[in-house]
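The residues making up each chain are set out below.
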Amino acid sequence: MNQELLQAISDLMDQKLEPISSRLGGIDRRLDKVDQRLDILEYKQDRTAKKLNSLQIDVEILKQDVKNDIHTLQDGMDTIIELLKIHKIVPV
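Residues numbered from 1 in each chain as written. Predicted model: local features only at pLDDT ≥ 70, side-chain atom pairs only at ≥ 80, totals over all residues. Heavy atoms only, no water.

(A) Summary view of the overall build of the chain. Of the regular secondary structure elements, the chain holds one helix and zero strands. Relative to the globule expectation of 12 Å for 92 residues, the C-alpha radius of gyration of the chain, 39 Å, shows a markedly less compact shape. Seen through its C-alpha atoms, the chain measures out along the principal axes to roughly 125 × 15 × 15 Å. Residue burial in the chain is summarised as follows: out of 92 residues, 1% are buried. Roughly 8,900 Å² of accessible area belongs to the chain as shown, and the carbon and sulfur atoms make up 61% of that amount. (Helix = DSSP H or I, 4+ residues; strand = E, 2+ residues; numbered from the N terminus. Rg over C-alpha atoms; globule rule 2.2 N^0.38 Å. Buried < 20%, exposed > 50% of the residue type's maximum accessible area, 1.4 Å probe, protein only. Areas by Shrake-Rupley, 256 points an atom, 1.4 Å probe, with all protein chains shown as cover.)

Printed below as a string of structure tokens:
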């Protein structure tokens with residue numbers, strides 16, 4: 001009789017725990033989906049950070065190129081002004 005009582009209690013516990021187990025299984029599946037989505041977001045964020053870093057490097061290179069071009073243009077303008085002054089085309 002003791003064994004029958006223990007089996008009955010075990011069966012009752014299984015019945016009571018089944019809804020909880022089902023809900024936990026659903027939660028686990030949803031967490032798996034969240035993990036997958038988080039992995040995708042982390043990948044996209046990493047890719048975006050790399051693109052931003054590359055863009056920042058490109059902007060710095062462009063700024064240096066523009067500075068050099070402006071310096072070259074200024075030297076050319078100075079030369080033209082001196083030539084114009086030598087030929088008395090512009091006032092000294």
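(B) View of a nonpolar patch on the surface. Together, L5, L6, I9, M13, L17, I20, L24, I27, L31 and V34 line one region of the surface with nonpolar side chains, adding up to about 930 Å² of accessible area. Note that V34 resides in helix α1 (residues 2-86). (Patch = residues over 30% accessible without salt bridge, like charges linked within 9 Å, V, L, I, M, F, W, Y side chains within 5 Å. Salt bridge = Lys/Arg side-chain N within 4 Å of Asp/Glu carboxyl O.)

(C) Region of interest: α1. The first and last C-alpha atoms of α1 sit 122 Å apart over 85 residues, in line with the 126 Å expected at 1.5 Å per residue. The sharpest bend along α1 comes to roughly 35°, located at L17, with the proline P19 sitting one to four residues further on. One or two residues past the end of α1 sits K88, with phi positive at roughly 55°. (Expected span 1.5 Å × (residues − 1). Bend = angle between axes of the 7 residues up to and from the residue.)

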